[in-house]
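A look at the structure
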2 protein chains.
Amino acid sequence: MMTLYDFMGSGNGYKVRLLLAQLGLAYMLVERDIMKGETRTPEFLTKNPNGRIPTLQLDDGTFLFESDAILWYLAEGTAFAPADRLTRAQTLQWMFFEQYSHEPYIAVARFWKHFFDKLTPQQETELPERMKKGYAALDVMEQHLANNAFFVGNRYGLADIALYAYTHVAHEGDFDLTRYPHITAWLARVASQPGCISMDHKN
Amino acid sequence: MMTLYDFMGSGNGYKVRLLLAQLGLAYMLVERDIMKGETRTPEFLTKNPNGRIPTLQLDDGTFLFESDAILWYLAEGTAFAPADRLTRAQTLQWMFFEQYSHEPYIAVARFWKHFFDKLTPQQETELPERMKKGYAALDVMEQHLANNAFFVGNRYGLADIALYAYTHVAHEGDFDLTRYPHITAWLARVASQPGCISMDHKN
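Rules used in this analysis
- Throughout this document, residue positions are counted from 1 along each chain, in the order its sequence is written.
- Both sets of labels track the order of writing: A upward for chains, 1 upward for ligands.
- Side-chain atom pairs in this predicted model are given and counted only at pLDDT of 80 or more, local residue features only at pLDDT of at least 70, and totals for whole chains, interfaces and linings cover all residues.
- Only heavy atoms go into the side-chain values, all of them from the structure, while hydrogens and water stay out.
- An automatic or database domain assignment supplies the start and end points of every domain.
- A contact between two residues is defined here by any heavy atoms of the two lying within 4.5 Å.
- Each of two parts loses accessible area, computed with a 1.4 Å probe, when they are put together; buried area is these two losses added.
- Any Lys or Arg side-chain nitrogen located within 4 Å of an Asp or Glu carboxyl oxygen qualifies as a salt bridge.
- Any pair of nitrogen or oxygen atoms within 3.5 Å is treated as a polar contact; in protein, a donor-acceptor pairing is required on top of that, and neighbouring residues in sequence qualify only through side-chain atoms on both sides.
- Following DSSP output, two strands are said to pair if at least two bridges run between them.
- Every helix listed is a DSSP run of H or I at least four residues long, and every strand listed is a run of E at least two residues long, numbered separately from the N terminus.
- For helices, the fitted axis covers only the stretch in contact; all axes are lines through C-alpha atoms, and the angles between them, taken along N-to-C directions, range from 0 to 180 degrees.
- Least squares is used to superpose the copies, and the fit set is the C-alpha atoms of residues whose pLDDT is at least 70 in both copies.
- Bending is quantified residue by residue as the angle between axes fitted to the seven-residue window ending at that residue and the seven-residue window starting at it.
- We call a residue buried when its accessible area falls under 20% of the maximum for its residue type, exposed when it is over 50%, and partly exposed in between, using a 1.4 Å probe and counting protein chains only.
- Pairing of aromatic side chains requires ring centres within 6.5 Å, counting the rings of Phe and Tyr and the six-membered ring of Trp. Pairs whose planes differ by under 30 degrees are stacked, by over 60 edge-to-face, and all others tilted.
- Note on geometry: a ring has a charge over it if NZ (lysine) or CZ (arginine) is within 6 Å of the ring centre and within 35 degrees of the ring normal.

1. Focus on the domain arrangement of chain A
All names here are of chain A. Entries for chain A in the domain assignment read domain 1 (2-75) and domain 2 (85-191). The straight-line distance from the C-alpha centre of domain 1 to that of domain 2 is 21 Å. Contact residues are listed per partner, giving 18 residues for domain 1 and 19 residues for domain 2. Summing both partners gives a buried area of about 1500 Å² for domain 1 against domain 2, and 70% of it is carried by carbon and sulfur. Taken as a group, Met35, Asp68 and Trp72 account for 34% of the area that domain 1 buries against domain 2, more than any other trio of residues on that side. Inspection of the region where domain 1 meets domain 2 yields one salt bridge. Here Lys15 makes a salt bridge to Glu98, at a shortest N to O gap of 2.8 Å. Counting the contacts that link domain 1 with domain 2 gives seven residue pairs in polar contact (both at pLDDT 80 or more).

2. Side note on the sheet that holds strand β1 (residues 2-6) of chain A
Residue and element names in this part refer to chain A. With mixed pairing, four strands are arranged side by side in an open sheet as β2-β1-β3-β4. Among the strands making up the open sheet, the edge pair consists of β2 (27-31) and β4 (63-65). When strand polarity is set aside, the average angle formed by the axes of neighbouring strands in this sheet is 20°. Pairing of strand β3 (residues 55-57) with β4, which is carried by three bridges, proceeds in the antiparallel orientation. Looking at β4, one finds that Leu56 is bridged to Leu64. Contacts from helix α1 (residues 11-23) reach β1 and β2 within the one sheet, and its direction differs from that of β1 by about 150°. Across the sheet, helix α3 (residues 67-75) is in contact with β1, β3 and β4; its angle to β4 comes to roughly 120°.

3. With respect to the relation of the copies chain A and chain B
At an RMSD of 0.0 Å, chain A and chain B line up after a rotation of 180° and a shift of 0.0 Å along the axis. On the angle and the small slide along the axis, the relation comes out as a two-fold axis. The C-alpha atom lying nearest the rotation axis in chain A is that of Tyr100 of chain A; the distance is 3.1 Å. Mapped onto chain B, 100% of the interface residues of chain A again fall at the interface, so both copies present the same surface.

4. Notes on helix α4 (residues 85-115) of chain A
At His102 of chain A, α4 of chain A is deflected by roughly 60°, the largest bend along its length, and proline Pro104 of chain A occurs up to four residues later in sequence. Buried residues dominate α4 of chain A, accounting for 24 of its 31 residues.

5. Digging into the packing of aromatic side chains
Summed over all chains, the structure comprises 32 aromatic pairs over all chains. Ring centres of Phe65 of chain A and Trp94 of chain B lie 5.6 Å apart, and the angle between their planes is 80°; on these two criteria the pair is classed as edge-to-face. Placement of Phe65 of chain A in strand β4 and of Trp94 of chain B in helix α4 (residues 85-115) is noted, with the two residues assigned to different chains. There is no split in this pair, since Phe65 of chain A and Trp94 of chain B are both buried. Ring geometry for Tyr135 of chain A versus Phe175 of chain A: centroids 5.1 Å apart, planes at 65°, classification edge-to-face. One end of the pair, Tyr135 of chain A, is in helix α5 (residues 121-145); the other, Phe175 of chain A, is in the loop between α6 (158-167) and α7 (181-191), with 40 residues separating them in the sequence. Taking relative accessible area as the criterion, Tyr135 of chain A reaches 14% and is therefore assigned buried. Through successive ring pairs, a cluster of aromatic residues spans Tyr14, Trp94, Phe97, Phe151, Tyr164 and Trp186 of chain A together with Phe65 of chain B. Looking at Arg85 of chain B, its charged tip hangs above the ring of Tyr73 of chain A, at a distance of 4.0 Å from the centre.

In structure tokens:
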């Protein structure tokens, strides 16, 4: 059986838990508390040298890291995998957009505000730029969703999972989603997919 | 013929130019100067709503963005594409590592130091953390390359292209690569691949 090393508050981890649930795959969940440095121990670094969750141990013992690479692995051969060369590239396009232009702003602002009582002076200095770039990412999503029900190929898939994870909790970073009617409607469409679980749902 | 919108100083753009050269694919190069905001014009935003290079227009007119998604598209059906489910996931693992844990530190520090005469006060404040996290990414690479000639499957591929782009110019951000003998040997192996071009080479 696969083993998922994860932290329940992580949107990156939630992506993987969501797809595992929708695929109906059994796995063992091993929680590691990132607030206590439990992914930076010598023992954990032998699993993932980059010291992060989610990390998935496959049946053959291989450890796989990076949430979106794990999604890609799990989806292969299922209805969640994009069906052709162009939709594969477009799916990856939005997944890389998420990790580069969305997560470092929306997830990080949420992390600072939601998991700590008080921001450090350095975080206070950086926060306005993080919020600004987070809203820029939401603007790009809103524009795309004005003409598309889902991110790629007009059906629910990996790009939606990747972007849903931190967008649906963006309010925990004080992002105002009421400005974004198309994103709001898309969030509801994703939440109504069969097998959609909440972020705190354990297998 | 495909059209590549690019900025010659960009490592993200270089990834795409390198693979296009190694595949022997013809394309039209259209340079956009990111220093002058030429990727944020209303006209360019119709091509890529996220306002970045590289952006590739395919033969059917579709615009594709995000360097690593473009690499994936171009490699499909060629010897550069990973051959099985596990190596596909491992290739993406290192490509996402590059965009999340490497590029924001190594490429950004290089951009600040190499393209501007003087850092802003905000950049001065952020630089030590960027350097620290850049070295952390290099540490992860060094450890992996101590036991592997290339990043995935013991042969040159997309993960190497993605990580080579900004690592081979990391000294322009004042990163000291002499500390990393395994990275240094890998850089030489990549540079000796058939069709490897320099960063300023135009098609």
